[in-house]
Structure formats: C-alpha cells, structure tokens
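Understanding the architecture of this molecule
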Amino acid sequence: MTNTALELFCTRIVDAGRLTQDDVRELAREILPDGIMGRDEADLLLALDRAVADIHEGFSAFVTAEVVNFAVYGERPTGIITREMSAWLAASIAGRKGPTALGSRIAMEIVREAETSDETLIAFALKAKSALAKSLAKSLTENTADKAAACSTGRLPCAA
C-alpha cells in the first residue's frame, strides 16, 4: 500500500534539506496518525533519515517508537522477530553505507522490546551499537584535538 502523503512529505523535506519540529508534528498528527502500517512506510522514514542531515531530534524519537511498534507488535507473530523480519530490518536499517545513529537505536530497541529476536538481528544490533560507539569516540577525539589546536594557536581562549 502506497502512502502518497508520506511520499510527498519525504520529497518536500529532502528538497528543503531540513526537518523541523513542526514537520515532526505534521508527520505524527496528519500523515501517520495511526503509526506505521507497512514496511514501505518504515523504509521511507529510514531513507529520509539518511537523506537529510538537518533533522530535529524529535524525529528520531518518533521514528524509533513507530518502527519498534510496527516490527514488534504490528507484525505477526506478535512480539517475535522472525528470521524474515530480521533480514528486512537489517537491510532497511543498514541501507548502502551501514546504519545511522537512528538505525542503530532502532535495532537495539527492537531487540530490547521483542520477546524473542532472530540471532541475525541481535548480532546486527550489537555490531551497529559498537560502530556507533567507535564513531562517537572518534568524533569526540577529533573535536578535542581541534579545540586544543585552536587554543595553542590563540584562536580560542585557553583555560590556565
């Protein structure tokens, strides 16, 4: 089932290059008031996360809750992430370049919320969590090094 309103929303957000708090409200209240109803809708939201860099933090919370709800409670058997569901989730969350921070969060939350999960998704979630931690550590290290360099060259005031 194609959700034309969601497709138009995603196109508009990609064209704008940003997703605001008002956009998140519109998405929740007008476009997906009953939540995600199919895999195609989840795929669109995950693709939107990868396509737009400037996204309001409320989007992550909304999409995480909706994808978890759909995967764990909206599909049958309820509460069980099957091998087939696990394969779809891993492929959709990873995209072409691996999971984003949002994708990692979704994978971990699904594993946490489901009664049982296929081992493929568990392994994917653990790997995604590890990659996210390494990425954050690298970013912090680079940021600290940049500040130290700016301080030593006099571009930033330094604490004595």
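1. A short note on the overall build of the chain
Along the chain, the regular secondary structure elements total 7 helices and 4 strands. Along the chain, helices and strands appear, N-terminal first, in the series α-β-α-α-β-α-β-α-α-β-α. Long-range pairs, those at least 24 residues apart, make up 67% of the contacts in the chain between residues at least 6 apart in sequence. Taken as a whole, the chain presents about 9,500 Å² of accessible surface, with 54% of it coming from carbon and sulfur.

2. Some points on helix H5 (residues 83-94)
Note that an α-helix has 3.6 residues per turn; residues three or four places apart therefore point the same way. The terminal C-alpha atoms of H5, which comprises 12 residues, lie 16 Å apart, in line with the 16 Å expected from a rise of 1.5 Å per residue. For H5, the complete set of buried residues consists of Met 85, Ser 86, Trp 88, Leu 89, Ala 90, Ser 92, Ile 93 and Ala 94. The first or second residue beyond H5 is Gly 95, which carries a positive phi of 60°.

3. Points about the packing of aromatic side chains
Tallying each qualifying case throughout the model produces 1 aromatic pair. Ring geometry for Phe 70 against Trp 88: centres 6.1 Å apart, planes inclined by 80°, an arrangement best described as edge-to-face. Of the two residues, Phe 70 sits in helix H4 (residues 57-74) while Trp 88 sits in helix H5, which places them 18 residues apart along the sequence. With respect to burial, Phe 70 and Trp 88 carry one shared label: buried.

4. Section: the nonpolar core
Among soluble globular proteins, nonpolar side chains are generally buried collectively. Ranked by size, the top nonpolar core spans 39 residues in total, and within it Phe 9, Leu 27, Phe 59, Ile 81, Leu 89 and Ile 110 carry the most contacts. For this core, the secondary-structure elements that each account for two or more residues are helix H1 (4-16), helix H2 (21-31), helix H3 (39-51), H4, H5, helix H6 (101-113) and helix H7 (119-152). Tallying contributions element by element places H4 first for this core, with 8 residues. Excluding anything up to four places from it in sequence, Ile 110 contacts Val 67, Val 68, Ala 71, Val 72, Ile 81, Leu 89, Ser 117 and Leu 121.

5. Looking at H4
The end-to-end C-alpha separation of H4 is 24 Å, in line with the 26 Å expected for 18 residues at 1.5 Å each. Taken as a whole, H4 has its buried residues at Phe 59, Ser 60, Phe 62, Val 63, Thr 64, Glu 66, Val 67, Val 68, Phe 70, Ala 71 and Val 72.

6. Focus on the packing of H4 against H6
Their axes nearest at 9 Å, the elements H4 and H6 cross at an angle of 40°. Of the possible angle classes, the one that applies to H4 and H6 is oblique. In this structure, the crossing between H4 and H6 has a hand that is right-handed. Taking contact as the criterion, the partners of Phe 59, Ser 60, Ala 61, Val 63, Thr 64, Val 67, Val 68, Ala 71, Val 72 and Tyr 73 in H4 are, on H6, Leu 102, Arg 105, Ile 106, Glu 109, Ile 110 and Glu 113. Looking at side-chain class alone, the contact of H4 with H6 contains 11 nonpolar, 2 polar and 3 charged residues.

The rules behind each value
Residues numbered from 1 in each chain as written. Predicted model: local features only at pLDDT ≥ 70, side-chain atom pairs only at ≥ 80, totals over all residues. Heavy atoms only, no water. Helix = DSSP H or I, 4+ residues; strand = E, 2+ residues; numbered from the N terminus. Contact = heavy atoms within 4.5 Å. Areas by Shrake-Rupley, 256 points an atom, 1.4 Å probe, with all protein chains shown as cover. Expected span 1.5 Å × (residues − 1). Buried < 20%, exposed > 50% of the residue type's maximum accessible area, 1.4 Å probe, protein only. Phe/Tyr/Trp six-rings, centres within 6.5 Å; stacked < 30°, edge-to-face > 60°. Core = buried A, V, L, I, M, F, W, Y, C linked by side-chain atoms within 4.5 Å. Axes fitted to C-alpha atoms, helices over the stretch in contact; angles between N-to-C directions. Parallel < 35°, antiparallel > 145°, perpendicular 65-115°, else oblique. Left-handed = near helix turned anticlockwise from the far one by under 90°. Nonpolar A, V, L, I, M, F, W, Y, C, P; charged D, E, K, R; others polar.

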